[in-house]
Amino acid sequence: MNEVITLINDALWSYVLIGALVLCGLWFTWKTKGVQFRMVGEMLRLLTDSATSGTATLPDKEKGRKHISSFQAFAVSVATRVGTGNLAGVATAIAVGGPGAIFWMWVIALIGSATAFVESTLGQLFKKRHNESFVGGPAYYIEQGLHKKWLACVFAVLITITFGLSYNSIQSNTICGAMHEAFGWDPLVVGTALVVMSLGIVFGGIHRIAKVSSVLVPLMAVGYFLLVVVIVVMNIGLIPHVLKAIVSNAFGLEQGVGGALGATIMNGVKRGLFSNEAGEGSAPNVAATATVSHPVKQGLIQALGVFTDTLLVCSCTAFVILISGLYEVPRLNGIALTQEALNAEIGAFGPTFIAIAIFLFAFSSIIGNYYYGEANIRFMTSSKAVLTVYRLFSGGVLVMFGALASLEMVWNLGDLCMALLTACNLIAIVALGKYAFRLLDDYREQKRRGIKEPVFHSSQLPEISGYLECWE
């Protein structure tokens with residue numbers, strides 16, 4: 001079975017997904033006039049918005065509701081992005097594709113952030129009201145914007161399987177591997193503890209998930225970044241060599257073989273997408289929950305999330321591994337390579353630190369991934385029984401499966417699900433991207449007129465105003 005999945009993955013990633021992702025990223029970058037580069041300052045400003053600062057211009061009926069702030073939505077999305085992809089995924093990309101894979105991770109992040117802007121803006125635009133918050137995402141904008149209920153249901157099923165089930169097994173697998181490497185703990189025991197903790201949070205809904213993520217995400221990202229800065233400063237003389245290895249390997253100057261270059265690019269793009277999720281259709285689900293005065297605000301916030309994930313956290317892991325030189329050791333791969341690299345640089349504390357970091361990174365991803373599935377379960381059915389079964393499988397059964405399954409199996413399943421999900425979402429955002437472009441033009445125009453907090457009303461898009469219930 002694993003061989004069949006690998007064969008399908010190679011076909012999809014070699015001939016379909018890489019080209020589609022790059023072309024879409026370049027198209028969106030051009031149509032938005034490089035929004036991911038020109039509006040970084042605005043992204044940082046919006047990140048500081050509280051739960052109420054961006055809602056002062058909303059109707060009174062919205063002010064009494066519970067709100068997810070811009071920062072909380074950012075934290076939940078980054079919680080799913082910043083996980084095993086940043087520690088184990090980067091290590092796997094380097095081990096299989098060489099140092100040049102990091103260059104292609106950077107490329108996919110730089111152009112993919114424009115894709116992230118478009119999909120999250122659309123998620124906000126077509127969101128709907130739910131009991132205590134908003135809900136939305138690709139399934140909603142496919143149904144409301146493209147009027148294709150069947151495709152919306154296909155996406156909803158795919159993302160539920162991909163994030164709520166498959167990806168959670170990857171996160172669990174990595175946590176258990178890290179704990180076994182550092183402390184010798186039995187994966188069964190660690191898996192059981194993860195199940196108990198995960199179920200305790202996911203049964204609390206999006207508000208509990210947002211609160212936990214807004215604490216864990218800054219804690220883990222800042223701590224990991226500071227440690228890597230110390231390692232880089234200690235090895236500052238090796239940085240030119242590291243950068244040279246990344247660039248030369250990225251263009252096949254070292255390999256001299258076309259197949260090796262292809263493996264470098266494919267692994268860089270695959271692991272980059274798994275990490276930053278740009279174009280995958282995941283972040284729009286949480287972007288839609290935020291209460292903001294204009295859809296573009298969450299588009300900008302989620303574009304910043306891509307930068308945070310890949311250019312910051314992934315680069316940290318890459319630099320540590322390349323400085324250590326251990327990526328050339330055949331037996332090392334995944335989280336074990338990252339742990340050994342840190343062990344070589346800071347001693348026995350390295351594996352322990354990574355075990356703690358991967359627990360924070362991956363556990364926050366488990367609860368964030370769960371929510372993506374919940375949002376789409378709610379799209380397909382209002383049955384509480386179905387939601388309860390999903391919670392038990394996402395936070396329980398698949399977390400335990402990941403704890404006990406092989407590393408290769410869980411990653412191959414994740415790659416297959418990711419490919420199908422991304423293809424479905426790209427079709428939708430290419431067709432609906434025109435609305436995101438018009439919203440961005442409107443946002444920029446309001447800013448030029450001196451309006452600090454731009455406001456959107458559904459009447460500004462009269463042809464689809466009937467489908468924008470939250471912007472009346």
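Residues numbered from 1 in each chain as written. Predicted model: local features only at pLDDT ≥ 70, side-chain atom pairs only at ≥ 80, totals over all residues. Heavy atoms only, no water.

> What is the right way to look at the packing of helix α7 (residues 100–125) against helix α15 (residues 295–324) in this model?
Angle between the axes and distance between the axes: these two values describe a pair of packed helices. Where α7 contacts α15, the axes come no closer than 7 Å and their chain directions differ by 160 degrees. With respect to α15, the element α7 is oriented roughly antiparallel. The way α7 lies across α15 gives a crossing that is right-handed. Along the lines of polarity and charge, the residues of the contact of α7 with α15 split into 18 nonpolar, nine polar and no charged. (Axes fitted to C-alpha atoms, helices over the stretch in contact; angles between N-to-C directions. Helix = DSSP H or I, 4+ residues; strand = E, 2+ residues; numbered from the N terminus. Parallel < 35°, antiparallel > 145°, perpendicular 65-115°, else oblique. Left-handed = near helix turned anticlockwise from the far one by under 90°. Nonpolar A, V, L, I, M, F, W, Y, C, P; charged D, E, K, R; others polar.)

> What's the story with the side chain of N235 in this structure? I'm lost.
Structurally, N235 is set in the loop between α11 (205–234) and α12 (239–250). Note on N235: relative accessible area 17%, which makes it buried. Here N235 is in contact with I323 and E345, once residues within four sequence places are set aside. (Buried < 20%, exposed > 50% of the residue type's maximum accessible area, 1.4 Å probe, protein only. Contact = heavy atoms within 4.5 Å.)

> What should I look at first to understand a nonpolar patch on the surface in this one?
A surface patch of nonpolar side chains, about 480 Å² in accessible area, is lined by V222, F225, L226, V229, V233 and L312. Sorting elements by how many residues they give to the nonpolar patch places α11 first, with five residues. On the secondary structure map, F225 appears in helix α11. (Patch = residues over 30% accessible without salt bridge, like charges linked within 9 Å, V, L, I, M, F, W, Y side chains within 5 Å. Areas by Shrake-Rupley, 256 points an atom, 1.4 Å probe, with all protein chains shown as cover. Salt bridge = Lys/Arg side-chain N within 4 Å of Asp/Glu carboxyl O.)

> Even after reading the chapter, I still don't get the nonpolar core, so can you show me in this structure?
In globular proteins that are soluble, nonpolar side chains generally tend to be buried together. If you look at the biggest cluster of nonpolar residues, it comprises 76 residues, and the most contacted ones within it are L122, L125 and L300. Here this core gets 15 residues from one element, more than from any other, and that element is helix α19 (residues 407–448). Apart from the residues lying within four places of it in its own chain, the contact partners of L300 are V35, M39, E42, M43, L46, F117 and Y443. W106, L227, V313 and I323 belong to the second largest nonpolar core, which has 33 residues in total. (Core = buried A, V, L, I, M, F, W, Y, C linked by side-chain atoms within 4.5 Å.)

> Teacher, can you tell me more about unusual backbone geometry here?
Glycine aside, the phi torsion of most residues is negative, and most peptide linkages are trans. The phi angle at K33 is positive, at roughly 55 degrees, despite the residue not being glycine. Here K33 lies in the loop between α1 (2–31) and α2 (35–38). Even without glycine at this site, H147 takes up a positive phi of about 60 degrees. With respect to the helices and strands, H147 occurs in the loop between α8 (138–146) and α9 (149–183).

> Which parts of the structure should I look at to understand the packing of aromatic side chains?
Pairs of aromatic rings are described using the distance from one ring centre to the other and the angle between the two planes. Under the counting rule described, the total for this entry stands at six aromatic pairs. Taking the ring centre of F134 as reference, the NZ or CZ of K127 above it sits at 4.0 Å. K149 extends its terminal NZ or CZ atom over the ring of F379, reaching a point 4.5 Å from the ring centre. (Phe/Tyr/Trp six-rings, centres within 6.5 Å; stacked < 30°, edge-to-face > 60°. Lys NZ or Arg CZ within 6 Å of the ring centre and 35° of its normal.)

This is a description of form; function is not addressed.
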